[in-house]
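Chain by chain, the residues:
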Amino acid sequence: DGRFLLPEKSAQTLKGILFGQEDVDIIFDEKHVKFSTGEFTLTSNLVASKYPNYKNVIPKDTTGKVAIEKELLIKSVRRMSVFANQETNLLTFHFNENGMTITGTDLTLGMTGKDVLQCRYNGPEITIGVKIPYLMNILSSIESKHIEVGVSADNRPMLIKPSAENDQSEQVLAVVVPVNSNKR
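Residues numbered from 1 in each chain as written. Predicted model: local features only at pLDDT ≥ 70, side-chain atom pairs only at ≥ 80, totals over all residues. Heavy atoms only, no water.

A. Region of interest: the overall build of the protein chain. Helix and strand content of the protein chain: three helices and 12 strands. The principal-axis extent of the C-alpha atoms belonging to the protein chain is close to 55 × 40 × 30 Å. Looking at the protein chain residue by residue over its 184 residues, the buried ones come to 39%. Summed over all atoms, the accessible surface of the protein chain reaches about 11,600 Å², with 49% contributed by carbon and sulfur. In the protein chain, the 21 positive side-chain charges and the 22 negative ones have mean positions that sit 5 Å from each other. (Helix = DSSP H or I, 4+ residues; strand = E, 2+ residues; numbered from the N terminus. Buried < 20%, exposed > 50% of the residue type's maximum accessible area, 1.4 Å probe, protein only. Areas by Shrake-Rupley, 256 points an atom, 1.4 Å probe, with all protein chains shown as cover. Lys, Arg positive; Asp, Glu negative; His and termini not counted. Charge placed at Lys NZ, Arg CZ, Asp CG, Glu CD.)

What follows is the structure, given as structure tokens:
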């Protein structure tokens, strides 16, 4: 049906190689894929699983939204990652009428750090656990200086996208799947 899952490493390599390329030939079967241009050929094994129904993962609507400067969020995540358990790499995001609070906790060492980001949040009080590497990967891939973070419930994914008023040309919607934040 024309769908396949490419390993992340292959996708990152391909992203770097394809920059500026206009024509790419793609040939694939059940186990392999080959990308070719006049200058290069990349062959990769495919992930051996069925393509997920991503529409079931992405919330149809969010009940709460935060508009924030991307670099401000990145700096906060970096600061709080120092306090996070190095095995779980987990931060807790708490959204309420005061804005967004990011907490890093390592119960083993008895450390906790909290960073309150003053921003407009409209929605119910929500707490979501997020893996630091996944979040940083998403934030670094968005070019826009301002982003919107959408949440709908403690156990539902967080959506991150470029701010609509900032940059209409960047079409990105990132889904951050929550992690049980009780396991720190």
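This is not the end of the story, as more comes after the structure.
B. Fine view of unusual backbone geometry. Phi at Asn 89 is positive, roughly 50°, even though this residue is not glycine. Looking at where Asn 89 falls in the secondary structure, it is placed in the loop between helix 2 (70-81) and strand 5 (90-96).

C. Summary view of the packing of aromatic side chains. This structure, assessed with the given rule, holds four aromatic pairs. Ring geometry for Phe 93 versus Phe 95: centroids 6.4 Å apart, planes at 25°, classification stacked. Here Phe 93 and Phe 95 have matching classes, each one buried. Ring plane angle 35° and centroid distance 5.5 Å describe the contact between Phe 95 and Tyr 121, whose orientation is recorded as tilted. Remark: Tyr 121 occurs in strand 8 (residues 121-122) and Phe 95 occurs in strand 5; sequence separation between them is 26 residues. Both residues of the pair, Phe 95 and Tyr 121, count as buried. Following the ring pairs from residue to residue traces out a cluster consisting of Phe 4, Phe 28 and Phe 35. (Phe/Tyr/Trp six-rings, centres within 6.5 Å; stacked < 30°, edge-to-face > 60°.)

D. Just a positive patch on the surface, in detail. A contiguous patch of positive charge on the surface is contributed by Arg 3, Lys 55, Lys 60 and Arg 156. Counting through the fold element by element, Arg 156 comes out in the loop between strand 10 (146-151) and strand 11 (158-162). (Patch = residues over 30% accessible without salt bridge, like charges linked within 9 Å, V, L, I, M, F, W, Y side chains within 5 Å. Salt bridge = Lys/Arg side-chain N within 4 Å of Asp/Glu carboxyl O.)

E. Just the environment of Lys 65, in detail. Relative to the elements of secondary structure, Lys 65 occurs in strand 4 (residues 64-69). A residue is classified by how much of its surface remains accessible, and Lys 65, at 41% relative accessible area, is partly exposed. In sequence terms Lys 65 and Leu 18 are 47 residues apart; their C-alpha atoms lie 34 Å from each other. If near-sequence neighbours (up to four positions away) are discounted, Lys 65 is found in contact with Arg 120, Tyr 121, Asn 122, Val 149 and Gly 150. (Contact = heavy atoms within 4.5 Å.)

F. Quick peek at the sheet that holds strand 2 (residues 32-36). Ordered by their spatial adjacency, three strands build an open sheet running 1-2-3, and the pairing between neighbours is antiparallel. The sheet terminates laterally at strand 1 (25-28) and strand 3 (41-45), the two strands that pair on one side only. Adjacent strand axes in the sheet meet at a mean angle of 15°, parallel and antiparallel pairs treated alike. The pairing of strand 2 with strand 3 spans five bridges and is antiparallel. (Pairing = 2+ DSSP bridges. Axes fitted to C-alpha atoms, helices over the stretch in contact; angles between N-to-C directions.)

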